[in-house]
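# Overview (structure and organization)
What follows is each chain in one-letter form.
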Amino acid sequence: MTTRAEIAVLGGGLLGRLTALALRRQGRQVALYDAAGPAGEGAAAFVAAGMITPMAEAAVADNDIVAMGFDSLARWPQLLATLTRPVFYQHKGTVVVWHRQEQAEAHQFVAMVRQHSLTGQKTDSMQRLDAAGLAAHAPSLADRFSEGLYLPDEGQVDNRQVLAALADTLAAEGVTCHWQYPVDDTALPPAGLHIDCRGLGAKARWPGLRGVRGEVLRLYAPDVQLGRMVRLLHPRYSLYLVPRANGRVVMGATTLESEDMSPMSVRSALEMLSAAYAVHPGFAEARIEEMSTQCRPALPDNNPAIRVQLQTGQTVIAANGLYRHGFLLAPVVADELAALVRQLDNEPDAQLAFARQHQQTAWPALYGSHLQREAA
Ligand SMILES: Cc1cc2nc3c(=O)[nH]c(=O)nc-3n(C[C@H](O)[C@H](O)[C@H](O)COP(=O)(O)OP(=O)(O)OC[C@H]3O[C@@H](n4cnc5c(N)ncnc54)[C@H](O)[C@@H]3O)c2cc1C
């Protein structure tokens, strides 16, 4: 049994926590409900690598995703500075490397990233590295690779630290957090407005939502001094190495069209570990501390979306489909949700009309309105 909150946020993974915080800081009375605990162990965000990489994602993602990613990258340090606990965060960019036989991959990567700078994105800060440049930006890779790329505007955050710090901050700022509370669609918790951020847990409510399996290794690799994120381009898989504090490295990740959450396959482990060993032989003596699997919540176009639903007579704003871009996009999406709540507040009679018009609002349209508000 819970008391009626003004706003109930359903799902306290990455997006739910950030949204609850944004609404609370807007002066709202907020309750958060999550099926798992404050550590975030039920969330895709718990397994994720925590990369905020708008430049590298430009090789595969739409222009809007890239624009939102740069926007989020600027917001992360400001947001982290307001949390109750310190969180490991680094904005030192990414070095991209490839083996000599994968030149074609590199050409394609450069072309895709450059294409976004034609539309005004900051991806033109990408730099080509020769042997000397590589030695300067990634000294430990210089004897294995003779060229690479440097993507300066990329960051990373310790995903687990940020989930824990957000849980702590929410409690400190007066959000009522209901952990271990799986929300049942037929009996929503009492609230004036519901915001559904349940990721893949909202599948029954959002046709087309699917899980995309990803596997990640966490290593203790004190002999590997990377300093910044490293990506290896490869035609069959992509490998990233994300250095963390105290000799830790997060290594990922597979992208498999499957909702299977069973443990990592031998094939995935062999491919990722062999690729990492080829990048740096120091991985031979690294210790595998964890192998984990989760599914990214994705919509058919792999872009996020917000929509307003009428569910058992109640208005539910739902946001989902952050796919492989949760850390890249969530601060912007959370602020956009908070802005939408303000908009519905100012025009309460328009709520139902809004819901009917925007059964599924494409994300770029909302983000366009966000950009206009920022500019105003
Ligand atoms: C292997 C892997 C690596 C990734 N790496 C990155 C990366 O480096 N950078 C990046 O930007 N993104 C990355 N992602 C993507 C990122 O993790 C997701 O986009 C992000 O977590 C989505 O956020 P979310 O809040 O929508 O969903 P989630 O983080 O999955 O949170 C959903 C929450 O809803 C809760 N829930 C579910 N059902 C219910 C219910 N019935 N009632 C109550 N609560 C419920 C869950 O417990 C969970 O806490 C990665 C993902 C994976 C799997």
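Residue numbers run consecutively from 1 along every chain, following the written order of its sequence. In keeping with the predicted nature of the model, local features appear solely for residues at pLDDT of at least 70, side-chain atom pairs appear and are counted solely at 80 or more, and the whole-chain, interface and lining totals rest on all residues. Neither water nor hydrogens contribute to the side-chain values; these are computed over all heavy atoms in the structure.

Below, the discussion takes up the sheet that holds strand β8 (residues 155–157). Whether two strands pair comes down to DSSP finding at least two bridges between them. Secondary structure is summarised from DSSP: a helix means a run of H or I of at least four residues, a strand means a run of E of at least two, and numbering begins at the N terminus for each. Spatially, three strands are ordered β3-β8-β4 in an open sheet, and the strand pairing comes out antiparallel. Only two strands of the sheet have a single neighbouring strand rather than two, namely β3 (51–52) and β4 (89–90). As defined by bridge partners, β4 adjoins β8 across two bridges and the pair is classed as antiparallel. The residue of β8 that forms the bridge with Q90 is Q156.

Attention shifts here to the side chain of E215. Position of E215 among the secondary structure elements: in strand β11 (residues 210–220). Polar contacts, as used here, are pairs of N or O atoms within 3.5 Å; protein pairs need one atom able to donate a hydrogen and one able to accept it. Residues neighboring in sequence count only if both atoms are side-chain atoms. Polar side-chain contacts of E215 include one of 3.1 Å to the backbone nitrogen of S265. At 2.7 Å, the side chain of E215 and the side chain of S268 are in polar contact. If we skip the residues at most four places from it in the chain, E215 touches G252, A253, T254, L256, M264, S265, S268, M272, S292 and T293. Note on contacts: a residue pair qualifies if any of its non-hydrogen atoms lie within 4.5 Å across the two residues.

Looking now at the pairing of β11. Across the 11 residues of β11, 10 count as buried, placing the element largely inside the fold. Across 11 bridges, β11 lies against strand β15 (residues 287–298) in antiparallel orientation. Looking across to β15, one finds that R213 is bridged to C295. Relative to strand β14 (residues 248–252), β11 runs antiparallel, the two sharing five bridges. Bridge pairing links V216 to G252 in β14. Burial here depends on accessible area, computed with a 1.4 Å probe over protein chains only, as a share of the maximum for the residue type. Under 20% is buried, over 50% is exposed, and the range in between is partly exposed.

This part is about the site of the ligand. Taken together, 36 residues sit near the ligand, with D34, A44, V183, Y323 and F327 positioned nearest. At 2.9 Å, a backbone N or O of L15 approaches an oxygen atom of the ligand. Measuring from an oxygen atom of the ligand, one finds a backbone N or O atom of Y323 at 2.7 Å. In isolation the ligand exposes 990 Å². Once the protein is present, 94% of that is buried. Only heavy atoms are used to decide nearness, and a residue is near a molecule or strand if one of them lies within 4 Å of it. For the accessible areas, the method is Shrake-Rupley and the probe is 1.4 Å, while residue cover comes only from the protein chains on display.

What makes a salt bridge here is a side-chain nitrogen of Lys or Arg within 4 Å of a carboxyl oxygen of Asp or Glu, nothing more. Taken as a whole and judged by the stated rule, the model has 18 salt bridges. Here R25 and E173 are joined by a salt bridge, their closest N and O atoms 2.7 Å apart. Of this pair, R25 sits in the loop between α1 (14–24) and β2 (30–33) while E173 sits in the loop between α7 (159–172) and β9 (176–178), and the two are 148 residues apart along the sequence. If you follow the salt bridges from partner to partner, you end up with E57, R231 and R324 in one network.

Known as pLDDT, the predictor's confidence for each residue is given on a scale from 0 to 100. Summarising the model, the protein shows a mean pLDDT of 89, and 89% of its residues fall at 70 or more. Of the regions scoring below 50 in pLDDT, residues 358–376 engages in 33 contacts with residues more than four places distant in sequence or in other chains.

Next up on the list: the packing of α1 against helix α9 (residues 326–346). Where α1 contacts α9, the two axes come as close as 8 Å, and the packing angle between them is 40°. As judged from the angle between their axes, α1 and α9 are oblique. The hand of the α1/α9 crossing is right-handed. Side by side, α1 and α9 meet where L14, L15, L18, T19, A22 and L23 of the first sit next to G326, F327, A330, P331, V333, A334, D335, L337, A338 and V341 of the second. Three categories are distinguished: nonpolar for Ala, Val, Leu, Ile, Met, Phe, Trp, Tyr, Cys and Pro, charged for Asp, Glu, Lys and Arg, and polar for the others, with Gly belonging to the last. Of the residues belonging to the contact of α1 with α9, the class tally is 13 nonpolar, two polar and one charged. Axis definition: a line fit to C-alpha positions, over the contact stretch in the case of helices; interaxial angles, taken between N-to-C directions, run 0 to 180 degrees. For classification purposes, angles smaller than 35 degrees are called roughly parallel, those larger than 145 roughly antiparallel, those between 65 and 115 roughly perpendicular, and all remaining angles oblique. Should the near helix be turned counterclockwise from the far one by less than a right angle, the crossing is left-handed, whereas a clockwise turn marks it as right-handed.

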